[in-house]
Amino acid sequence: MFGSRVLGRVLCAAAWSESSAASSVAAASSAASTSVRKAQNPLEEFFEVDRSTDEEKPVIYGRSWKASELRLKSWDDLQKLWYVLLKEKNMLMTQRQMLHAQNLQFPNQERIPKARKSMCRIKHVLTERAIAEPDPRRSAEMKRMINAL
C-alpha cells in the first residue's frame, strides 16, 4: 500500500513536471507567434480529435503489444505504458458511451479489446518478474503494486 502510494505520487509529480514544462514551452511559442490559443480543458483528453468523414481511406490502428515485446521493457516503462493504455481505454469507452447515447455506431470497435489485451499482458509480464524475484519481501511488494494497477 505504502509503495503504491509513493509510486503514485512519484508518477503524478513526474507527469505534472512534464506537463508544466510542456506548457511553459507552448506558452513561450504561442507568445512568440501572434495567434491566440485557448487553454486546453483536461476533459478534452477523453475524446479523440475529430476526423473528417470525407476521407476515402479508413484509418488503420496498430495491434496490441505482444508479451515478448513487453518482456524487453523496464519496470518503469511498463508502468508508463500501463497508464497510457488506461487513458486510451477510458477515452474509447467514453466515446462509445457518448455515441451509444446518441444512437450512433462506435467506429473501430476492435481498439478496446486491443488495449485490454495489452493491459493484461503487461500485468502478466510484471507478475512473471515478481515471481522470479529471489527476495520474498520485494516479491510480495511487487505483487501488491501489480494488484493495485
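Notes on the structure in this doc start here.

Cut-offs used in this document
- Note on numbering: residues in each chain are counted from 1, in written sequence order.
- The predicted origin of the model limits local features to residues at a pLDDT of at least 70 and limits the giving and counting of side-chain atom pairs to 80 or more, whereas totals for whole chains, interfaces and linings rest on all residues.
- Side-chain numbers come from the whole structure's heavy atoms, not from hydrogens or water.
- Under the DSSP-based scheme used, a helix requires at least four consecutive residues in state H or I and a strand at least two consecutive residues in state E, with every element numbered from the N terminus.
- What a helix is expected to span follows from its residue count: subtract one and scale by 1.5 Å.
- Throughout, exposure labels follow a simple rule: accessible area from a 1.4 Å probe, protein chains only, divided by the maximum for the residue type, with under 20% read as buried, over 50% as exposed, and the rest as partly exposed.
- Residues enter a nonpolar core if they are buried and are Ala, Val, Leu, Ile, Met, Phe, Trp, Tyr or Cys, with the set joined through side-chain atoms within 4.5 Å.
- For every element, the axis is a line fit to its C-alpha atoms; helices are fit only across the contacting stretch, and the angle between N-to-C directions ranges from 0 to 180 degrees.
- What sets the label is the angle itself: under 35 degrees gives roughly parallel, over 145 gives roughly antiparallel, 65 to 115 gives roughly perpendicular, and the rest give oblique.
- In this scheme the handedness of a crossing depends on how the near helix is turned from the far one: anticlockwise by less than a right angle means left-handed, clockwise means right-handed.
- Contacts are assigned to residue pairs with any non-hydrogen atoms lying within 4.5 Å of each other.
- Only Asp, Glu, Lys and Arg are considered charged in this grouping, and only Ala, Val, Leu, Ile, Met, Phe, Trp, Tyr, Cys and Pro are considered nonpolar; every other residue, Gly among them, is considered polar.

### Describing helix H3 (residues 75-101)
Taking 1.5 Å per residue, 27 residues should reach 39 Å; H3 reaches 39 Å between its end C-alpha atoms and fits that length. Residues of H3 that are buried: Trp-75, Leu-78, Gln-79, Leu-81, Trp-82, Leu-85, Lys-89, Met-91, Leu-92, Gln-95 and Leu-99. One or two steps after H3, the chain reaches Asn-103, where phi turns positive at roughly 60 degrees.

### A closer look at the nonpolar core
The biggest cluster of nonpolar side chains holds 16 residues, and the ones touching the most others in it are Leu-70, Trp-75, Leu-78, Leu-85, Ile-122 and Leu-126. Only helix H2 (67-70), H3, helix H4 (111-132) and helix H5 (136-148) provide two or more residues apiece to this core. For this core, the element with the highest residue contribution is H4, accounting for six residues. Residues Met-91, Leu-99, Phe-106 and Ile-112 belong to the second largest nonpolar core, which totals five residues.

### Overview of the packing of H3 against H4
The N-to-C vectors of H3 and H4 enclose an angle of 155 degrees; their axes lie 9 Å apart at closest approach. Viewed along their axes, H3 and H4 adopt a mutual orientation that is roughly antiparallel. For H3 against H4, the interelement crossing comes out left-handed. Between H3, through Trp-75, Leu-78, Leu-81, Trp-82, Leu-85, Leu-86, Glu-88, Lys-89, Met-91, Leu-92, Met-93 and Arg-96, and H4, the contact on the second element is made entirely by Arg-111, Ile-112, Ala-115, Arg-116, Ser-118, Met-119, Ile-122, Lys-123, Val-125, Leu-126 and Arg-129. Counted by class, the contact of H3 with H4 contains 15 nonpolar, one polar and seven charged residues.

### A short note on unusual backbone geometry
With glycine set apart, most residues show a phi of negative sign, and most peptide bonds adopt trans. Phi angles above zero are rare outside glycine, and Asn-103 is one such case at about 60 degrees. As for its position among the elements, Asn-103 is in the loop between H3 and H4. Notably, Asn-108 is not glycine yet its phi reads approximately 55 degrees, a positive angle. Its place among the elements puts Asn-108 in the loop between H3 and H4. Taking relative accessible area as the criterion, Asn-108 reaches 25% and is therefore assigned partly exposed.

### Examining the side chain of Ser-139
In this fold, Ser-139 is placed in helix H5. What makes Ser-139 buried here is its relative accessible area of 8%. With sequence-adjacent residues up to four places away left out, Ser-139 is seen in contact with Ala-130, Ile-131 and Glu-133.

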